[in-house]
Amino acid sequence: MTGISLNGSILPIDPKLFISESDYGVAIDSGSQYSMLVDGVYQAVRKAMVSYFVDEWLVQPLNKTKSGMDLCYDITDIAAAAATTIGGGEGPGSQLFSVAPPMVFEFDGARLELKEETTFQLFDEFKEFCLMMGASKDFSGNIFGAFQQFNHRFVYDVGASKLSFAPERC
C-alpha cells in the first residue's frame, strides 16, 4: 500500500507508515474483522473523516460509543444529512450510506475503491453509524481486513509475488 485517499484527496501520510518492521507492507487478512491501521495512518484517516463530516454535513462524532468502534456518528444526525441528499429521509437503511465519502486504498500500480458499505456499518441497536477501521494495537503493521474486502475477489500469485483484486458480487 502506498497511500489512502478520502473524497478524492490523498491523505498526508508518511509512506514509511505503510511498511512494517518486517518490511512486507500491508497484510491482507480475511481473518481480521476489519482493517487495523498503525496509529499514524489511522489518526490521519480519522482526522480527515471527522473534517469531512463537519465540513460537508455539519455532523460531529460521538464522544463515547456503545458499539466499541472508535469513530461513530449518531444515526439521527446521519439520517438528517441523508435526507438532504435524497429528499426522503425514510429512516435507517442503505440511503444513510450516501453521506459517506469515497475512500480509496492506493497500492503500487492499483487502486482499491471502498464502497460506503465497506467503510461504515450501521449499528441499529446502538443508533450509531461507525467507521469500520481502527488503530492497530497488537500488531506493528497495517491489516486490510475482511469488512473492507467484501464483494472483492483477491488472487494471490505467490510465485510472482503479485496480488490482484477486482470487484465481484459475493
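Residues numbered from 1 in each chain as written. Predicted model: local features only at pLDDT ≥ 70, side-chain atom pairs only at ≥ 80, totals over all residues. Heavy atoms only, no water.

Visitor: Explain a nonpolar patch on the surface residue by residue, including any values.
Guide: The grouping of Y156, V158 and L163 at the surface amounts to a nonpolar patch, some 310 Å² of accessible area in total. Note that L163 resides in strand 13 (residues 162-167). (Patch = residues over 30% accessible without salt bridge, like charges linked within 9 Å, V, L, I, M, F, W, Y side chains within 5 Å. Areas by Shrake-Rupley, 256 points an atom, 1.4 Å probe, with all protein chains shown as cover. Salt bridge = Lys/Arg side-chain N within 4 Å of Asp/Glu carboxyl O. Helix = DSSP H or I, 4+ residues; strand = E, 2+ residues; numbered from the N terminus.)

Visitor: How would you sum up unusual backbone geometry? Please name residues and give values.
Guide: Its identity is not glycine, yet N7 carries a phi of approximately 55°, on the positive side. Note on placement: N7 falls in the loop between strand 1 (3-6) and strand 2 (9-10). A positive phi is found at N151, a non-glycine position, where the angle reads about 60°. With respect to the helices and strands, N151 occurs in the loop between helix 3 (146-149) and strand 12 (152-157).

Visitor: Describe in detail the sheet that holds strand 9 (residues 128-131), supporting the description with residues and values.
Guide: Across the sheet, which stays open at both edges, the three strands sit in the order 5-9-8 with antiparallel pairing between neighbours. The outermost strands of the open sheet, each flanked by one partner alone, are strand 5 (72-74) and strand 8 (120-123). Taken pair by pair, the neighbouring strands of this sheet meet at an average axis angle of 25°, ignoring direction. In the sheet, strand 8 pairs with strand 9 via four bridges, with the strands oriented antiparallel. For L122, the partnering residue across the bridge sits in strand 9 and is F129. Lying on the sheet, helix 1 (residues 39-57) is in contact with strand 5, strand 8 and strand 9; it crosses strand 9 at an angle near 140°. (Pairing = 2+ DSSP bridges. Axes fitted to C-alpha atoms, helices over the stretch in contact; angles between N-to-C directions. Contact = heavy atoms within 4.5 Å.)

Note that all results are geometric; they support no functional claim without further evidence.
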